[in-house]
Amino acid sequence: MAASLYLVAGKATDSVTHGFLPAAARLGLDVTLLTDRPSAHDAGVPVVECDVSDFRDIIARVEDTAARGGGEPAAVFSNSDFLQAPAALAAAYFGLPAKDWRAATRAKNKALMRRHLAALDPVFSADAGRVPAGAPYPLVVKPREGVASEDVFLVHDGVELAARVEEIRGRRSDPLVAEEYLPGRLHTLETLGDGRRLRVLGSFRTTLSPPPFFVEERLEWSPPPPEAAQVLRQLEALGVGFGACHTEFVVHEGRARVIEVNYRLIGDHCDFLLADLLGVPLFEQILRVHLGAALPGRRVPPPRHAVAEPVIADRCGTLTAAPGPLQMEDGPVRLAYRPQRAVGDTVSLTRTNRDYLGTVRAIGPGPEEVNAALARFRATHDWTIA
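- Looking at an unreviewed UniProt entry, one finds the protein chain named Biotin carboxylase, with Actinomadura mexicana as its source organism.

1. Some details on the overall build of the protein chain
So, point 1. Helix and strand content of the protein chain: 10 helices and 20 strands.
So, point 2. Computed over its C-alpha atoms, the radius of gyration of the protein chain comes to 21 Å, within 12% of the 21 Å expected for a compact globule of 386 residues.
So, point 3. Its C-alpha atoms give the protein chain principal-axis dimensions of about 60 × 50 × 45 Å.
So, point 4. Counting every position in the protein chain, which comprises 386 residues, the buried fraction comes to 52%.
So, point 5. Considering only residue pairs separated by 6 or more positions, the protein chain has 66% of its internal contacts joining residues 24 or more positions apart.
So, point 6. Per element, the accessible surface of the protein chain, about 16,800 Å² overall, is 52% carbon and sulfur.

2. Structural notes on the pattern of salt bridges
So, point 1. Evaluation of the coordinates by the stated rule reveals 28 salt bridges.
So, point 2. Arg 102 is paired through a salt bridge with Asp 100; the nearest N and O atoms lie 3.0 Å apart.
So, point 3. The exposure class of Asp 100 is partly exposed, given its relative accessible area of 27%.
So, point 4. With a closest N to O distance of 3.2 Å, Asp 151 and Arg 172 form a salt bridge. Residue Asp 151 is located in the loop between strand E6 (139-143) and strand E7 (153-155), and its partner Arg 172 is located in the loop between helix H6 (158-169) and strand E8 (176-180); the two are separated by 21 residues in the primary sequence. Across the pair, exposure class does not vary: Asp 151 and Arg 172 are buried alike.
So, point 5. Bridged by salt links that share partners, the residues Asp 151, Arg 164, Glu 167, Arg 171, Arg 172 and Asp 174 form one connected network.

Quick notes on the rules
Residues numbered from 1 in each chain as written. Predicted model: local features only at pLDDT ≥ 70, side-chain atom pairs only at ≥ 80, totals over all residues. Heavy atoms only, no water. Helix = DSSP H or I, 4+ residues; strand = E, 2+ residues; numbered from the N terminus. Rg over C-alpha atoms; globule rule 2.2 N^0.38 Å. Buried < 20%, exposed > 50% of the residue type's maximum accessible area, 1.4 Å probe, protein only. Contact = heavy atoms within 4.5 Å. Areas by Shrake-Rupley, 256 points an atom, 1.4 Å probe, with all protein chains shown as cover. Salt bridge = Lys/Arg side-chain N within 4 Å of Asp/Glu carboxyl O.

Below, the structure written as C-alpha cells:
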C-alpha cells in the first residue's frame, strides 16, 4: 500500500498545484489535501475541509480520514508561511518527522525572531503603536506575521509612522511591528535540512523597488556571500534545520543582518527556477525529507546564470491581454513564463508582490545572454491593463 501524505494548505498556490502535488504523484504517494478553502483547489486528489490554523483540527481530520481508509499518515506537510507551526505540531503528534514547532513560530513571528536573535545580532524592534521617542529612525513598519511585502513601509519620523499605522489599520487589525531599517545589499539564502545536516542550495541577489515600498523586482542567481556563514549561525539559534527554508538578509560592512525567515520553500516561481537550475527533483527531495529520508548526495550543477523577473502591474484596471504559460529557448537561454493573474482579472495596485502579473524565468550560460533574452521576451509579449 502506498504511503499517505497529508498536505496542509490555505489558498491555492502554484508551488502546491504544480510543484508538490506532481512530485507526490511521482513518488507514488496517496495524497489527501487538508484546507480551509476547498473550493479554491482543483487538486486531483481527495480534499478535506479543515481549520488548518488549528493543529487539533488537523489531527482530527487526519485520524478521521485514516479511519475511513485514507491511509495512516507517513507525513504531514505544508508549504504555507502561516501553517508551519500547526502542521509541525500535527506531525509531531503522529510521531512523524517534522520541523520544531517552536522554531516555526519564531520564524513566523518577527517580534519573537528579533528577541531570540538579540544576543547574536541586536536589532531595534517594537510594537508599532508603542515606539519610544528615541527610536533609531528610519524604521520599517510591517505586520508582525506578514508576507509578500504587504503593508511594509519605510518611515522617517514619528509623524510618518503614526500616519502609516493608521493607514494599515484601515485594512487589517493584526499586530504591527516597527523595526530598525537595515541598510545593505539584499540576498536570499535557500537551505534544505533533514534534521541532521543543513545544506545550502544557493542564493539570489534581490533588487527592490524604491522606498517607501519593498516590492521585489528581480532575483538574480549568485554565489552566497561570505557573510552567509553568519546567517547559518542565526538559523541554528532559531532552531531551523529541517525541510526547506528561505531566508532574506542584507550584507553591510561585513555583517549579515537577517530581514526575515520564511520556513518554507522560496515562492513567486523562484522555486521552479531553483529546481531547474540545480537540475534536481527539488520538490520530491523536500517531501522525502518529511517522509524521514536523509538528504541525498550533493550534485554540483554546471555553472549557469539565472534570473527570475516578475512582470509588475503599474496601474489599476482589468487585465485584458497577457501571455499564458510558456516555455521556450532563445539561443543558449531557456525561458519559462508562468502567469499569476489571468486575462479578465481585476488588478488593484498595492505596491507589494501581489502586483505580479507573472514571472519570467531564464537560465543561460552568463548574465549577458540571460539579460538579452529576458529583454527580447518582454519586448515580444504584451501585458495590457485597461
